[in-house]
Amino acid sequence: MRREHHARLPRMCFAPARKPPGSLPSVPSLSSLRSLLAAVLIAGVLVALAPVPAGAAGAAGAAGAGGDAFRKETKRAVLAHEKARAHVDRLRAGDARTTEVRSAERRRKAIRAGLWDALWSVARDLGDPVAVDPSGRAGRCPAARTRSRAPEDRDGDWTAPTRRYRLSAGYAARGSRWAHRHTGQDFAVPTGTPVYAVGPGTVRATTCGDGFGNQVIVRHPDGYFTQYAHLSRIDVRKGGRVAAGQRLGLSGATGNVTGPHLHFEVRITPYMGSAVSPLSWLRRKSVDIGG
């Protein structure tokens, strides 16, 4: 196990890292201390952020002050990004000057870039399959058997990720299965229930082998990512384009679960630690799924 580091981190001090091909272009750092703190941010972070089996929360909590400090910094960055995004939306709705909107958008992208760099760095070093094997080939993940077809009656609309569900564990819920708080919204459905893309986008990853089991991550035109986890089957491939309501796979109970369900998450980046409230995000898309 990596050595535990202890540090007091200043606000928004994320270490820069090389980005994988196809990621967002770099944006200048918000802090000159990022390079100095690079080594501090890695130890035990994914252990603290990932979903864990029942009874393992205590072990995850042993990740220590380094992981706690990093988690607090990522939370601040997520909140700062959402505040900046809301500001951009207000400016656009109020027909603000183009230069003012562009300036606010640059600020939002700079926050996201710092968050993206930091989370990709730790995900890569600790073996998160989304960072090291997004196609799932190295991990021999189940490949798509057949390519699902886009629905003809959903051209650009947004929709719920599954049907005939019951909402179970919600965003930010506490419980013994999570080291800290739940990072998504669970939809209780039987194994084999179709799972759909909530909106148009491109498949960023189709992975397996960690606590999320078989999962699909989709990037949407607004820059957000949606995650569909614990699937029994995957029907899309990395790089493929999907439409709203297009089937991504079937629900299941792979990974760390107590029963079949769909774990649905909305993220600012493809990586753990950048999740936002999924129900609030869907409501902004005019999708009300209750809860």
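Rules used in this analysis
- Residues numbered from 1 in each chain as written.
- Predicted model: local features only at pLDDT ≥ 70, side-chain atom pairs only at ≥ 80, totals over all residues.
- Heavy atoms only, no water.
- Helix = DSSP H or I, 4+ residues; strand = E, 2+ residues; numbered from the N terminus.
- Phe/Tyr/Trp six-rings, centres within 6.5 Å; stacked < 30°, edge-to-face > 60°.
- Buried < 20%, exposed > 50% of the residue type's maximum accessible area, 1.4 Å probe, protein only.
- Disulfide = S-S within 2.5 Å.
- Core = buried A, V, L, I, M, F, W, Y, C linked by side-chain atoms within 4.5 Å.
- Contact = heavy atoms within 4.5 Å.
- Polar contact = N/O pair within 3.5 Å; in protein donor to acceptor, adjacent residues only side chain to side chain.
- Patch = residues over 30% accessible without salt bridge, like charges linked within 9 Å, V, L, I, M, F, W, Y side chains within 5 Å.
- Areas by Shrake-Rupley, 256 points an atom, 1.4 Å probe, with all protein chains shown as cover.
- Salt bridge = Lys/Arg side-chain N within 4 Å of Asp/Glu carboxyl O.
- Lys, Arg positive; Asp, Glu negative; His and termini not counted.
- Charge placed at Lys NZ, Arg CZ, Asp CG, Glu CD.
- Pairing = 2+ DSSP bridges.

The next thing to look at is the environment of F70. When you line up the elements, F70 lands in helix α3 (residues 65-93). For the pair F70 and A118, spaced 48 residues apart in sequence, the C-alpha to C-alpha distance is 9.3 Å.

Quick look at the packing of aromatic side chains now. Per the stated rule, a full pass over the model turns up 7 aromatic pairs. With a centroid separation of 6.3 Å and 90° between ring planes, the pair formed by W116 and Y271 is classed as edge-to-face. Here Y271 lies in the loop between β9 (262-267) and β10 (275-276) and W116 lies in helix α4 (residues 98-125), a separation of 155 residues in the sequence. The same class applies to W116 and to Y271, which are both buried. Judged by centre distance (5.5 Å) and plane angle (55°), the ring pair of Y228 and F264 falls under tilted. Of this pair, Y228 sits in strand β6 (residues 225-234) while F264 sits in strand β9, and the two are 36 residues apart along the sequence. Overall, the relative accessible area of 0% leaves Y228 in the buried class. The exposure class of F264 is buried, given its relative accessible area of 0%. Through successive ring pairs, a cluster of aromatic residues spans Y165, F187, Y228 and F264.

Here we come to the state of the cysteines. Taken as a whole and assessed by the stated rule, the structure comprises 1 disulfide. A disulfide bridge connects C141 with C208, and the sulfur atoms are separated by 1.9 Å. Where C141 bonds to C208 through sulfur, the torsion about that S-S bond is close to -90°, and the disulfide is left-handed. Of this pair, C141 sits in the loop between α5 (129-132) and β1 (166-167) while C208 is found in the loop between β4 (201-207) and β5 (214-219), placing the two residues 67 residues apart along the sequence. We classify C141 as buried; its relative accessible area is 14%. Classification of C208 as buried rests on a relative accessible area of 16%.

Residue R164 is not a glycine yet carries a positive backbone phi of 50°. Assessed through its relative accessible area of 84%, R164 is described here as exposed. One non-glycine residue with positive phi stands out, namely S286, at about 65°. A residue is classified by how much of its surface remains accessible, and S286, at 70% relative accessible area, is exposed.

Moving on, we come to the nonpolar core. Membership of the largest hydrophobic core comes to 41 residues, with the highest contact counts inside it found for V216, Y228, L248 and Y271. Contributions of two or more residues to this core are made by α3, α4, α5, β4, β5, β6, β9 and α6 (278-284). Ranked by residues supplied to this core, first place goes to α4 with 7 residues. Excluding anything up to four places from it in sequence, V216 contacts V203, A205, T206, T226, Q227, Y228, L231, I234, V236 and L248.

What follows deals with the side chain of T159. Within the secondary structure layout, T159 lies in the loop between α5 and β1. Reaching out from T159, the side chain makes a polar contact with the side chain of R163 at a distance of 3.3 Å.

A cluster of basic side chains, namely R137, R147, R237 and K238, defines a positive patch on the protein surface. Note that R237 resides in the loop between β6 and β7 (241-242).

Okay, the pairing of β6 next. Of all 10 residues that make up β6, 8 are buried, and the element is covered over most of its length. Sheet topology places β5 next to β6; 5 bridges connect them, and they run antiparallel. Counterpart to R219 in the pairing with β6 is F225. Two strands pair when backbone bridges link them, and β6 and β9 are joined in this way by 5 bridges, in the antiparallel orientation. When the bridges of β9 are listed, F225 appears paired with R267.

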